[in-house]
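Single-letter residue listing:
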Amino acid sequence: MWVRLEEVLIANALWITERANPFFVMQRRKGHGGGGFTSLFIGTLDTVLDTKPAPYRILHQTPNSEVSYTVAAAMNKRDIQEQWEWLEQNIMVTLGAFDADDDVTNYVKCKIESLVANLETLEVDESHREDEDSKSFKSACEKWRRLFTVSEDEKLVNYYSCSYWKGKMPHRGWLYLSVNHMCFYSFLMGTESRLQIRWTDVTRLERSNSVLFSDSIKVSTRSTNYIFSMFISPQEAHRLMEQLANLAMTQLLSEEGFEEDHSLPNRVQKKKSASSLKRDLDARARSEAYRQVFRLPVSEKLDGDTECVLWTPYNKTHVGGKLYISKNYMCFSSRVKDLARVVIPMREISVVEKVENSSLIHNGIHITTKGKMTILLASLKDRDFLVQLISDFLSKCSENTRSSAGDNVSVSSSGSESLQEAETKSLTQLSASLGSMGSTSIARPEELYPYYYTTSLICDDNQLMYDKSGDMKLPLQLQPALITVFNDRSEDGVSPKEKVKEHLWSVHFKEYGRGICMYRTIETHKLIIKGIPESLKGEIWMLFSGAINEMATHPGYYLSLVEQSLGKENIATEEIERDLHRSLPEHPAFQSELGIAALRRVLTAYAFRNPTIGYCQAMNIVTSVLLLYANEEEAFWLLVAICERLLPDYYNTRVVGALIDQGVFERLTKEYLPQLYDQMKDLGILSMISLSWFLTIFLSVMPFDSAVNIIDCFFFDGAKIIFQIALAVLDANSEKLIDCTDDGQAMTILSRYLENVYNHDATLQQSHEERQEEEMKQQHSNDITDLIDESYINFGFLTNDMIEKMRLNQRLKVVQELEDSARRTVVRSLTPESCFSQRELEELYLLFKVFKMI
């Protein structure tokens with residue numbers, strides 16, 4: 001920054017000159033950057049004496065004077081270079097016209113002091129403006145508390161000037177939005193209008209535009225509609241109302257109060273007039289969108305974004321877009337939708353270096369990953385900051401690695417003898433068991449390892465399993481993907497179509513990279529739609545679902561859950577045991593205790609991880625398919641991704657998420673298949689079909705080897721593919737459904753259609769007779785690839801953003817209906833035994849719910 005001129009008698013003491021001209025010198029402090037004993041000594045001296053001047057400065061000097069003057073100082077090289085360029089462009093030309101050195105110095109002094117004065121004035125004005133804005137918000141908050149009865153803990157988020165339409169007359173006033181209430185106050189020509197609505201009472205929020213109500217927001221409760229219009233910022237107001245209403249519904253389900261995230265507001269530059277809660281909510285919304293797009297863990301928070309250019313080596317071109325940065329990830333997304341996308345976990349970076357500027361690349365960095373991929377980003381506005389950020393992360397990682405390595409050494413040295421003895425004992429007992437069977441007998445896996453398939457096993461610290469009697473110990477081994485055990489993966493066992501798919505993916509990996517940092521493009525999407533080969537499904541699912549990140553950052557977590565849950569029983573484990581043998585019974589993997597035991601461990605481990613969900617029917621079907629193509633630990637993390645990120649609230653006790661999506665599906669059908677919707681509504685089957693389709697992602701209504709292709713697309717595209725397929729199924733059967741006269745007939749048509757959707761590329765192991773019968777059926781069936789193609793052609797315009805917006809209004813409706821049902825049940829059960837009337841009990845119930853949320 002510019003500083004008032006200060007005399008410097010010895011210009012070069014402890015400073016290095018980097019640039020110079022006849023009137024100015026740009027210098028760097030010796031203790032900053034560089035190396036050697038001198039730099040180390042000066043840096044130490046500055047630290048001890050607590051001087052620490054700015055590491056860069058610009059001095060003014062004249063040829064005939066020994067005295068110099070400080071005119072600028074900066075903390076980084078970029079800022080000092082900008083000031084140097086400004087001096088050369090704006091001052092140097094004028095200085096050459098002066099004859100005397102004193103005239104030159106006086107001119108520079110006047111010019112710099114003028115710049116400093118302007119800067120100070122701007123800072124004062126900005127500070128004054130911030131104070132005024134803060135006072136304005138504080139005054140509005142005090143007025144809101146005077147006008148309305150709210151608790152001391154209630155917090156105002158923001159307020160807007162608008163009109164409330166009472167009948168046909170608009171009342172101009174102020175709309176106050178707080179965490180738990182929406183309040184409006186107006187005083188016009190002696191008439192006072194006052195509203196106070198709890199967000200938990202809101203059933204619908206709509207933004208509309210008509211001749212009478214221009215750009216208005218309609219708020220619906222159980223009994224009344226309220227219309228507000230003439231906002232200065234209608235979009236911002238509506239978005240904030242949606243956020244607060246959604247927050248209230250979440251609290252209503254979880255019965256938890258709002259907790260402000262104090263780490264977010266400081267990172268986000270917003271209008272100072274907005275409260276910290278408003279900035280908090282905005283930051284949460286951006287972070288949620290960031291996590292959803294790039295499939296990141298729920299704990300990740302967006303720190304910022306910047307425009308940049310990505311070099312794409314597969315087509316040798318530059319792609320413009322944005323780089324999004326958070327604590328543990330850097331993610332790039334192109335301006336053109338789906339053109340290019342890259343996810344770079346900080347943990348995967350091995351080297352980062354600056355790229356020299358050229359005619360093609362400016363302010364670029366070169367990133368090398370541990371998988372030997374190279375990523376080039378250019379046109380970064382703050383390249384030095386980004387390099388420093390990555391360097392700091394890598395430094396912390398190396399320190400943690402060294403410390404954890406030391407810990408591991410000490411643990412392994414102290415426990416190696418006992419582990420070796422245990423393994424020797426296990427192998428000896430196992431050999432004896434094998435010897436007693438005889439050399440010619442072929443034993444089933446559960447006969448060889450009976451202790452792997454019982455629920456009475458527990459584990460010790462060395463990951464050894466033993467029964468409660470302590471007689472037998474075996475190392476705890478997690479199952480690989482079950483198709484590697486039960487399918488023939490030899491050269492003869494793989495179909496030609498499967499080999500072609502594997503070859504196409506091999507070529508794709510060579511061109512676009514492999515692993516978490518691969519380039520995700522339209523070509524990737526095309527391969528996904530065609531179906532992922534069986535040998536790669538687990539890897540690709542982990543990659544595009546984001547489950548790979550959770551597993552990489554939680555090593556040993558699944559194993560610890562298995563250890564905790566073994567031998568323990570509760571309601572969830574009882575329900576799991578009942579459903580184990582109903583999970584994909586047609587597949588040989590789940591006709592064996594090998595698959596059943598793995599399924600038991602995954603479901604039980606998740607029930608212990610998330611007791612709020614515990615276990616829900618349909619989780620067993622989804623998990624059994626995951627276990628076929630992914631190893632046991634990967635299947636667990638895929639289940640976590642489905643239940644907690646991709647299909648939130650689907651598998652809780654009230655299947656709220658599925659009910660919400662049922663409403664979204666009805667709305668989409670009404671909008672895009674209007675004629676069919678009227679018929680389906682009359683028959684009342686939309687709600688009947690959508691739950692069974694959505695909860696199992698079509699696995700329970702289609703042959704599973706067809707439905708897994710939908711799972712492929714689901715992990716890549718998210719929930720929108722479920723709606724696409726559902727609409728495509730209705731569209732394909734629209735003529736037959738319109739002619740139906742009852743719901744049974746319509747259900748039969750849809751069931752037969754789905755049962756005959758086959759995967760002609762499937763490689764399920766079958767006998768010769770079964771294969772012939774299957775081929776006969778397929779001649780008169782629909783191919784899953786064609787169905788998926790049709791869904792993208794006819795309904796591919798759907799986006800996850802559209803789905804999320806529809807979910808919001810449906811969430812208000814569904815949660816209110818569930819609450820009404822719960823209230824009626826409670827009141828009905830208490831009425832015979834209470835001295836209160838039914839109306840009084842309902843009011844007490846609502847009061848109790850409100851106090852429980854505060």
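What this report covers is the structure whose coordinates are included nearby. Predicted model only: the values in this text are computed from it and were never measured.

### Some details on the overall build of the protein
Logical step 1: Helix and strand content of the protein: 29 helices and 24 strands.
Logical step 2: Of all 854 residues assigned to the protein, the portion counted as buried reaches 47%.
Logical step 3: Sequence separation of at least 24 residues holds for 61% of the intrachain contacts in the protein that already meet a minimum separation of 6.
Logical step 4: Surface summary for the protein: the accessible area is close to 43100 Å², and the carbon and sulfur share equals 51%.

### Remarks on the environment of tyrosine 606
Logical step 1: Here tyrosine 606 shows up in helix H16 (residues 593-609).
Logical step 2: Since its relative accessible area comes to 0%, tyrosine 606 is described here as buried.
Logical step 3: C-alpha separation for the pair tyrosine 606 and valine 562, spaced 44 residues apart in sequence, amounts to 9.1 Å.
Logical step 4: Contact partners of tyrosine 606, with chain neighbours within four places excluded, come to Ile613, Gly614, Met619, Phe636, Leu639, Val640, Cys643 and Glu644.

### Quick look at the sheet that holds strand E4 (residues 56-60)
Logical step 1: An order of E1-E5-E4-E3-E2 is seen for the five strands of this open sheet, with the pairing classed as antiparallel. Taken across any chain shown, the strands that pair with only one partner, and hence form the sheet edges, are strand E1 (2-8) and strand E2 (15-20). The mean angle between the axes of side-by-side strands here comes to 35 degrees, regardless of whether they run parallel or antiparallel.
Logical step 2: Bridge count for E1 against strand E5 (residues 68-74) is four bridges, and the pairing is antiparallel. Bridging from a neighbouring strand, valine 8 pairs with serine 68 of E5.

### Details of unusual backbone geometry
Logical step 1: With a phi close to 100 degrees, alanine 618 is a non-glycine residue in the positive phi region.
Logical step 2: Looking at where alanine 618 falls in the secondary structure, it is placed in the loop between H16 and helix H17 (619-629).
Logical step 3: Classification of alanine 618 as buried rests on a relative accessible area of 8%.
Logical step 4: Within the chain, aspartate 649 stands out as a residue other than glycine whose phi angle is a positive 70 degrees.
Logical step 5: Mapping aspartate 649 onto the fold places it in the loop between helix H18 (632-646) and helix H19 (656-672).

### Considerations on the packing of helix H15 (residues 571-579) against H16
Logical step 1: Between H15 and H16, the shortest axis-to-axis distance is 10 Å and the interhelical angle comes to 155 degrees. In terms of their interaxial angle, H15 and H16 are classed as roughly antiparallel. In the packing of H15 onto H16, the handedness of the crossing is right-handed. Here Ala572, Thr573, Ile576 and Glu577 of H15 lie close against H16, whose contacting residues are Arg600, Leu603, Thr604, Ala607 and Phe608.
Logical step 2: Considered class by class, the residues forming the contact of H15 with H16 number five nonpolar, two polar and two charged.

How each quantity is defined
Residues numbered from 1 in each chain as written. Predicted model: local features only at pLDDT ≥ 70, side-chain atom pairs only at ≥ 80, totals over all residues. Heavy atoms only, no water. Helix = DSSP H or I, 4+ residues; strand = E, 2+ residues; numbered from the N terminus. Buried < 20%, exposed > 50% of the residue type's maximum accessible area, 1.4 Å probe, protein only. Contact = heavy atoms within 4.5 Å. Areas by Shrake-Rupley, 256 points an atom, 1.4 Å probe, with all protein chains shown as cover. Pairing = 2+ DSSP bridges. Axes fitted to C-alpha atoms, helices over the stretch in contact; angles between N-to-C directions. Parallel < 35°, antiparallel > 145°, perpendicular 65-115°, else oblique. Left-handed = near helix turned anticlockwise from the far one by under 90°. Nonpolar A, V, L, I, M, F, W, Y, C, P; charged D, E, K, R; others polar.

Geometric values such as these leave the question of function open.
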